[in-house]
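Now for the letters of each chain:
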Amino acid sequence: MAQGNRVVVYTGPGEVAVETVDYPKLEIPGEVADHFGIAKAAPHAAILKLVTTNICGSDQHMVRGRTTAPVGQSLGHEITGEVVEKGDDVLFVDEGDICSVPFNIACGRCRMCHEGHTGVCLNVNPARAGAAYGYVDMGGWVGGQAEYVMIPYADFNLLKFPDRDQALEKILDLTMLSDIFPTGYHGAYTAGVTTGSTVYVAGAGPVGLAAAHAAQLLGAAVVMVGDMNADRLKQAESFGCVGLDLSTGGELVDKIEAVVGEREVDAAVDAVGFEARGHGEGAEEAPATVLNDAMAVTRAAGGIGIPGLYVTGDPGAVDDAAKQGTLGVRLGLGWAKSQHFTTGQCPVKRYNRQLMNMILHDRAQIAKAVNAQTISLDDAPRGYAEFDQGAATKYVIDPHGMVA
């Protein structure tokens, strides 16, 4: 057993560092135990040695100072690891198993979990429904950009890979199962993407690229990805998407018409979230712009998936309303067009096993789609900085040098 645990923490706007904290125990956070009147001891938990852990765009919102995250907040919710310790009540995973960890922390016992809504579990966060590792207002759970992490309710939460050697061979794909791949798939699936669909994805960051790849897997005829970053658009085009350069201004409907011959699509995905900007080079922040664009370009009775993050508290917002998560959304337009919307955290367990099978049987190449690159734990600050500057890369941290 290690003496300590090195973990990435938020140290102030634009800054992260690797610090040493206590090695994890088979215990849940005291605030969770106290609020729900349950024991702090967690015989249902396991401790994982991290094989891979990824930097996520939603981490960047905290690091930019755009949430209420305090200095010292541990980071990281995209976790893949090897079980090195387990409690007496963990029956169906064993030491040595390599597992994917959904970023949603779920008890497996409450009404939401029984109904498959694991992103809004009722028993893991005193502040609201739903929890996650290493995230502000999400229950106080220690983050997984670390050497080791504790996973509660392990039998329910862990997705065990069937073969260790195969898992390590495909680890750069499998590491995406903790969040980005299911989240992108959720955005495309809930938007109604199916065989022959025309699809617009807003944002060519990793979640947008995952949504675009998922749309292809769902049978889309054409997937258009809009962004103002040339490198990210090139990455989208590398696996068969049509890049729409929004830095040049002009109407989005015109750009779509030039590709598909009409000014609307069957389905749209918002993979940007609340830090959206208007079109054109140097455009100002406009947090509702992607939502309004999506309603404008989606056909009547079409769907819009919204995996992009929206928050209830944004101290860096452009106006007082947006600081409270109140945005100027043209809901009347979406209502008049009878569109449907799906918001909120992706319930990862709804999709991760099936997407694992797609990876293991070579039907999905998500690591290639998002341009996965490994870095060491000590290089995490560099990864955060380059990602924030718009690198067309999904940074995968390899804390123990286990990635070949």
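Calculation rules
- Residues numbered from 1 in each chain as written.
- Predicted model: local features only at pLDDT ≥ 70, side-chain atom pairs only at ≥ 80, totals over all residues.
- Heavy atoms only, no water.
- Axes fitted to C-alpha atoms, helices over the stretch in contact; angles between N-to-C directions.
- Helix = DSSP H or I, 4+ residues; strand = E, 2+ residues; numbered from the N terminus.
- Parallel < 35°, antiparallel > 145°, perpendicular 65-115°, else oblique.
- Left-handed = near helix turned anticlockwise from the far one by under 90°.
- Contact = heavy atoms within 4.5 Å.
- Nonpolar A, V, L, I, M, F, W, Y, C, P; charged D, E, K, R; others polar.
- Phe/Tyr/Trp six-rings, centres within 6.5 Å; stacked < 30°, edge-to-face > 60°.
- Buried < 20%, exposed > 50% of the residue type's maximum accessible area, 1.4 Å probe, protein only.
- Pairing = 2+ DSSP bridges.
- Core = buried A, V, L, I, M, F, W, Y, C linked by side-chain atoms within 4.5 Å.
- Salt bridge = Lys/Arg side-chain N within 4 Å of Asp/Glu carboxyl O.

**Student:** Whenever I open this one, the packing of helix α7 (residues 180-190) against helix α8 (residues 206-217) confuses me. Can you help?
**Tutor:** Each pair of packed helices can be described by the angle between their axes along with the distance between the axes. For the pair α7 and α8, the least separation of the axes is 7 Å and the interaxial angle reads 60 degrees. With respect to each other, α7 and α8 are oriented oblique. The chirality of how α7 crosses α8 is right-handed. From α7, Ile180, Phe181, Thr183, Gly184, Tyr185 and Ala188 reach across to α8, where they touch Pro206, Val207, Ala210, Ala211, His213, Ala214, Ala215 and Leu217. A per-class count over the contact of α7 with α8 returns 11 nonpolar, 3 polar and no charged.

**Student:** Is there a simple way to think about the packing of aromatic side chains in this case?
**Tutor:** In this description, an aromatic ring pair is defined by two values, namely the gap between the centres and the angle between the planes. With the rule as written, the count across this model stands at 4 aromatic pairs. Between Tyr23 and Tyr148 the ring centres are 5.0 Å apart and the planes differ by 55 degrees, which places this aromatic pair in the tilted class. One end of the pair, Tyr23, is in the loop between β2 (15-22) and α1 (30-36); the other, Tyr148, is in strand β6 (residues 148-151), and 125 residues separate them in sequence. Tyr148 carries the same exposure label as Tyr23, and that label is buried.

**Student:** For this particular structure, what's the right way to read the sheet that holds strand β11 (residues 265-270)?
**Tutor:** Paired through backbone hydrogen bonds, the strands of a sheet run either parallel or antiparallel to each other. Judged by pairing direction, the sheet is parallel, and its 6 strands sit side by side in the order β10-β9-β8-β11-β12-β13 without closing on themselves. Every other strand in the sheet has two partners, leaving β10 (242-245) and β13 (340-342) as the edge strands with one partner each. Across the sheet, the mean angle separating the axes of adjacent strands is 20 degrees when strand polarity is ignored. Both strand β9 (residues 222-227) and β10 contribute to a ladder of 4 bridges, which runs parallel. Looking at β10, one finds that Asp227 is bridged to Asp245. Across the sheet, helix α11 (residues 289-297) lies against β8 (198-202), β11, β12 (298-305) and β13, angled at about 145 degrees from β12, the strand it touches most.

**Student:** Hey, could you run me through unusual backbone geometry in this one?
**Tutor:** Excluding glycine, a negative phi dihedral is what most residues carry, and trans is how most peptide bonds are arranged. With phi around 45 degrees, Tyr153 is a residue other than glycine that occupies positive phi space. Residue placement: Tyr153 occurs in the loop between β6 and α4 (154-157). Using a relative accessible area of 9% as the deciding quantity, one classes Tyr153 as buried. A positive phi is found at Ser338, a non-glycine position, where the angle reads about 55 degrees. As for its placement among the helices and strands, Ser338 is situated in the loop between α13 (331-336) and β13.

**Student:** Can you help me understand the side chain of Thr198 in this one?
**Tutor:** Relative to the assigned elements, Thr198 resides in strand β8. A residue is classified by how much of its surface remains accessible, and Thr198, at 11% relative accessible area, is buried. What Thr198 contacts, discounting residues up to four positions off in sequence, is Val222, Val260, Glu264, Val265, Asp266 and Ala267.

**Student:** Mind showing me how you'd approach the pairing of strand β4 (residues 78-86) here?
**Tutor:** Along a regular strand, successive side chains alternate from one face of the sheet to the other. The sheet contact formed by strand β3 (residues 46-54) and β4 spans 8 bridges and is antiparallel. Considered in β4, the bridge of Ala46 is made with Lys86. When β4 meets strand β5 (residues 98-101), the two strands line up antiparallel, connected through 4 bridges. Note that in β5 the partner of Ile79 across the bridge is Val101.

**Student:** How should the environment of Asp165 be read in this particular structure?
**Tutor:** Checked against the element boundaries, Asp165 lands in helix α5 (residues 164-169). For Asp165, a relative accessible area of 58% translates into the label exposed. Along the sequence, Asp165 and Ile98 sit 67 residues apart, while their C-alpha atoms lie 9.7 Å from each other.

**Student:** Help me understand the environment of Val348 in this model?
**Tutor:** Note that Val348 resides in the loop between β13 and α14 (352-360). In this structure, the C-alpha to C-alpha distance between Val348 and Ala132, residues 216 residues apart in sequence, is 12 Å. Those residues in contact with Val348, other than ones at most four positions away along the chain, are Pro102, Phe103, Asn104, Thr118, Leu177, Ser178 and Pro182.

**Student:** How should the nonpolar core be read in this particular structure?
**Tutor:** Counting residues in hydrophobic clusters, the biggest one holds 68 residues, and the most contacted among them are Leu177, Val201 and Val223. Among the elements that make up this core, the one with the highest residue count is α8 (7 residues). Each residue touching Val223, except ones within four places of it in the same chain, is listed here: Val199, Val201, Ala212, Ala215, Gln216, Cys241 and Val242. Judged by nonpolar contacts, the second largest core, of 35 residues, contains Val93, Ala131, Tyr133 and Val149.

**Student:** How do you make sense of the pattern of salt bridges when you look at a structure like this?
**Tutor:** Side-chain pairs of opposite charge can arise whenever the charged atoms involved come near each other. In total, this model carries 19 salt bridges according to the counting rule given. A salt bridge links Asp94 to Lys86; the shortest N-O distance between them is 2.9 Å. Residue classification places Asp94 among the partly exposed residues on the basis of a relative accessible area of 38%. Note on Lys86: relative accessible area 26%, which makes it partly exposed. Residues joined in a network through salt bridges with shared partners are Arg64, Arg66, Glu275, Glu285, Asp314 and Asp388.

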